[in-house]
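# Reading the structure
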Amino acid sequence: GILKKWNKGIKNGVFEVDLINSKIISGAFSSDGSLLITSHVDSLIHLWKVDDKRLIGTIEQPNILTRALVFSSDGNFIFHGSDHAIIRMNPTHESNELISLKNRRNNKPIHAVAISPKSKLGITGDRLGNIFLWDLEKKRILKGMVMRGRNPINIITDIKFSDDSTALIIDG
């Protein structure tokens with residue numbers, strides 16, 4: 001797969017990197033742009049150092065497709081959601097999971113994830129418009145919401161917290 005990063009300092013504003021020969025499902029850059037995380041159809045998640053295009057870590061998840069990835073604001077953790085309605089949080093320096101949570105209220109594939117700036121809250125969105133707010137310290141769901149429109153399938157494609165964690169932007 002090929003990933004492109006917008007960069008004003010490069011001709012036409014695009015920095016293109018051919019990182020791996022596996023189809024990429026999702027990708028995210030750390031806030032400082034130094035790290036890249038990618039998920040692939042072979043159920044692997046790769047962590048890359050952007051400046052030298054070097055693979056620095058791999059998370060193996062047999063038979064689990066990860067559709068959504070995000071870094072914590074400090075770049076120390078990766079928050080990701082899968083087709084099995086499981087969210088996980090891993091440190092960027094090792095593959096050991098800090099959190100692995102199964103959504104028992106809903107088993108729909110997760111298409112969007114976000115983590116609050118202080119890494120205390122997580123939010124997930126699925127293909128039917130369901131949104132769940134998670135307390136990552138207590139490892140539980142705080143609230144579930146449904147975003148329904150005219151279309152019965154309302155895939156939540158993107159979710160972002162505001163800088164102060166008091167508001168959300170939801171695309172679905």
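Report on the accompanying structure. (Residues numbered from 1 in each chain as written. Predicted model: local features only at pLDDT ≥ 70, side-chain atom pairs only at ≥ 80, totals over all residues. Heavy atoms only, no water.)

### A look at the sheet that holds strand β11 (residues 110-115)
Test applied: Whether two strands pair comes down to DSSP finding at least two bridges between them. Under the DSSP-based scheme used, a helix requires at least four consecutive residues in state H or I and a strand at least two consecutive residues in state E, with every element numbered from the N terminus. Only C-alpha atoms enter the line fits that serve as axes; for helices the fit covers just the stretch in contact. Angles between N-to-C directions range over 0 to 180 degrees.
Here we have four strands laid out as an open sheet, ordered β11-β12-β13-β14, and antiparallel in their pairing. Edge strands, defined here as strands with exactly one partner in the open sheet, are β11 and β14 (140-146). Direction aside, the axes of adjacent strands within the sheet are offset by 20° on average.

### Things to note about unusual backbone geometry
Non-glycine residue K139 carries a positive phi angle of around 55°. Its place among the elements puts K139 in the loop between β13 (130-135) and β14. Positive phi outside glycine occurs at S165, with the angle close to 65°. Its place among the elements puts S165 in the loop between β15 (158-161) and β16 (168-171).

### Comments concerning the environment of W134
The following threshold applies: What qualifies as a polar contact is a pair of N or O atoms within 3.5 Å, subject to a donor-acceptor requirement within protein and to the restriction that residues adjacent in sequence count only when both atoms come from side chains.
Residue placement: W134 occurs in strand β13. Taking the C-alpha atoms as reference points, W134 and I115, separated by 19 residues in sequence, lie 9.3 Å from one another. Among the polar contacts listed, one links the side chain of W134 to the side chain of T124, at a separation of 3.2 Å.

### Remarks on the pattern of salt bridges
What counts, and what does not: Definition used for salt bridges: Asp or Glu carboxyl oxygen within 4 Å of a side-chain nitrogen of Lys or Arg.
Evaluated as defined, the whole model comprises one salt bridge. Of the charged contacts in the structure, one is a salt bridge between E137 and K120, with a shortest N-O distance of 3.4 Å. Residue E137 is located in the loop between β13 and β14, and its partner K120 is located in the loop between β11 and β12 (121-126); the two are separated by 17 residues in the primary sequence.

### Observations regarding the environment of F161
Defined as follows: Buried residues are those whose accessible area, probed at 1.4 Å on protein chains only, stays under 20% of the maximum for their type, while exposed residues exceed 50% and partly exposed ones sit between those limits.
Tracing the sequence through the fold places F161 in strand β15. Classification of F161 by relative accessible area gives buried; the value is 15%.

### Here's the deal with the nonpolar core
Where we set the bar: Nonpolar cores were defined as sets of buried Ala, Val, Leu, Ile, Met, Phe, Trp, Tyr and Cys residues, with membership established by side-chain atoms within 4.5 Å.
In this structure, A68, V70, F79, I110, V113, I115, F132, W134, L136 and I141 together form the largest nonpolar core, which totals ten residues. Only β7 (66-71), β11 and β13 provide two or more residues apiece to this core. Counting residues per element, this core draws most heavily on β11, which supplies three residues. Counting nine residues, the second largest nonpolar core, distinct from the first, contains A28, I37, I45 and I78.

### Observations regarding the sheet that holds strand β6 (residues 54-60)
On the basis of which strands lie adjacent, the open sheet formed by four strands has the order β3-β4-β5-β6 and antiparallel pairing. Every interior strand has two partners, whereas the edge strands, β3 (24-29) and β6, have only one. Averaged over all neighbouring strand pairs, the angle between strand axes comes to 20°, with direction disregarded. Bridge count between strand β4 (residues 35-40) and strand β5 (residues 44-49): five bridges; the pairing is antiparallel. If you follow S39 over to β5, its bridge partner there is I45.

### Some details on the pairing of β12
Counting buried residues along β12, five of its six residues qualify, which places the element largely inside the surrounding structure. Sheet topology places β11 next to β12; five bridges connect them, and they run antiparallel. Bridge assignment links A112 to a residue of β12, and that residue is G125. The turn linking β11 back onto β12 is made up of five residues, and S119 within it adopts a positive phi angle of 60°. In this structure, the hairpin formed by β12 and β13 is closed by a connection of three residues, where G129 is found at a positive phi of approximately 90°.

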